Amino acid sequence: MERRLFLHAGLLELQLMPSIGGSIVRFDHVLGKRRQPLLRAGNGTISDVLDASCFPLVPFVNRIRGGTFTCDERIVTLSINSPGDPSPMHGQGWRASWEVVEENGDRATLSYLHPAGEWPWAYEATQRLALDKNGFSLELSCRNLSPERMPCGLGFHPYYPCTTETVLDTVVESAWTIDAAVLPVENVPATGRYDLRAPPICGQALDNGFDGWGGSALITWPGEQASLRLSSPDAGRFQVYSPPEGGVFVAEPVQNANAALNAPQVDWPALGLTLLAQGQCRALRARFDVLTDDPDA
């Protein structure tokens, strides 16, 4: 059985599975006999990171059209890394085993060292998680270890449980429409079905990137004991996946736009990508705050 790390603080419990993509597999609010999953609960033995609750996206977010892009006149081609999707996505960290650097009751540090290969840059990624009675803080960093400049954009990929009453409330400026391959087509105003100011979020058939994110999102489950506020000072973009069958949705704080690596290199900064020189590091911080009506809960 894969090793799990268990973090506790107040009424909150966080479970990690480092060997499966450095992932979180549970985040629960426990009051007496009531256990409310605040992220999708990964029960039993998880063998694939896509069954987890949250995983890191490093060193890029979302898809690469055709798996090929050019950086500083070097052509890079990546293999497909998600069954059924023709576009390689999310970098390498989510498909790798992470090393436990620190484990101390309410905090943990995980590390992943990527040697140069198909992705032709070596880099080191680090996750730092700290749980307290009000929620948890999460930081992902990536340091380029290669002499050549490396493109970098980071993200987190949390899944949330949902019913027809679940509400996501956040502010975004625009949305990217998508084609049949879930690749961006056009940037449009965030109106109608793309307006994320307190819509029911479950079963909405969304799989879109959003620009101009306000940096905070509130998720509420009417009738439950707790709600969740997601915030990030380092992510200007938001990615939402809400499959039509419902039951779960994804709302991600991310730094780069979908298929940003396919754009001309001159456009990368506007699309959220940074070129890291050797030894340079980029970081993404996020906070998951648990909100209840009862100050003791």
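Please refer to the structure placed before this passage.
Criteria and thresholds
- Residues numbered from 1 in each chain as written.
- Predicted model: local features only at pLDDT ≥ 70, side-chain atom pairs only at ≥ 80, totals over all residues.
- Heavy atoms only, no water.
- Helix = DSSP H or I, 4+ residues; strand = E, 2+ residues; numbered from the N terminus.
- Contact = heavy atoms within 4.5 Å.
- Disulfide = S-S within 2.5 Å.
- Buried < 20%, exposed > 50% of the residue type's maximum accessible area, 1.4 Å probe, protein only.
- Pairing = 2+ DSSP bridges.
- Axes fitted to C-alpha atoms, helices over the stretch in contact; angles between N-to-C directions.
- Salt bridge = Lys/Arg side-chain N within 4 Å of Asp/Glu carboxyl O.

A. Structural detail: the environment of P200. As for its placement among the helices and strands, P200 is situated in the loop between β16 (184–189) and β17 (206–211). Sequence-distant contacts of P200, defined by excluding residues within four places in its chain, comprise T164 and T166.

B. A look at the state of the cysteines. Scanning the entire structure with this criterion turns up one disulfide. A sulfur-sulfur distance of 2.0 Å marks the disulfide that ties C162 to C202. For the disulfide bridge between C162 and C202, the dihedral angle about the S-S bond is near 65°, and by the sign convention the bridge is right-handed. One end of the pair, C162, is in the loop between β13 (155–161) and β14 (167–170); the other, C202, is in the loop between β16 and β17, with 40 residues separating them in the sequence. Each member of the pair, C162 as well as C202, carries the same accessibility label: buried. Here C71 is not cross-linked by a disulfide; its sulfur's nearest cysteine counterpart is in C152, at 12 Å.

C. Structural detail: the side chain of D207. Structurally, D207 is set in strand β17. Look past the residues within four positions of D207 in its chain and what remains in contact with it is I178, V182, Q239, V240 and Y241.

D. Summary view of the sheet that holds strand β10 (residues 123–132). With respect to topology, eight strands assemble into an open sheet ordered β8-β9-β10-β11-β23-β19-β18-β14, the strand pairing being antiparallel. Edge positions in the sheet fall to β8 (99–103) and β14, since each has one partner strand and no second. Averaged over all pairs of adjacent strands, the angle between strand axes in this sheet comes to 15°, irrespective of strand direction. One ladder, built from four bridges, connects β8 with strand β9 (residues 107–114); its direction is antiparallel. Residue pairing across strands places E99 opposite S111, the latter belonging to β9.

E. Fine view of the pattern of salt bridges. On inspection of all chains with the given rule, the structure shows 14 salt bridges. Note that R3 is salt-bridged to E103, the shortest N-O span being 2.7 Å. Note that R3 is positioned in the segment before β1 (5–9) and E103 in strand β8, a separation of 100 residues in sequence. Given a relative accessible area of 47%, R3 falls into the partly exposed group. Overall, the relative accessible area of 40% leaves E103 in the partly exposed class. Across the pair D106 and R107 runs a salt bridge whose closest N-O atoms are separated by 3.4 Å. A relative accessible area of 26% places D106 in the partly exposed class.

F. Region of interest: unusual backbone geometry. For the bond from V58 to P59, the omega torsion is 5°, close enough to zero to count as cis. Among the structural elements, P59 can be located in the loop between β5 (54–57) and β6 (68–71). Its identity as a non-glycine residue notwithstanding, E73 has a phi of 70°, on the positive side. Phi is positive for A259, close to 65°, though the residue is something other than glycine. Relative to the helices and strands, A259 is located in the loop between β21 (248–254) and β22 (274–276).

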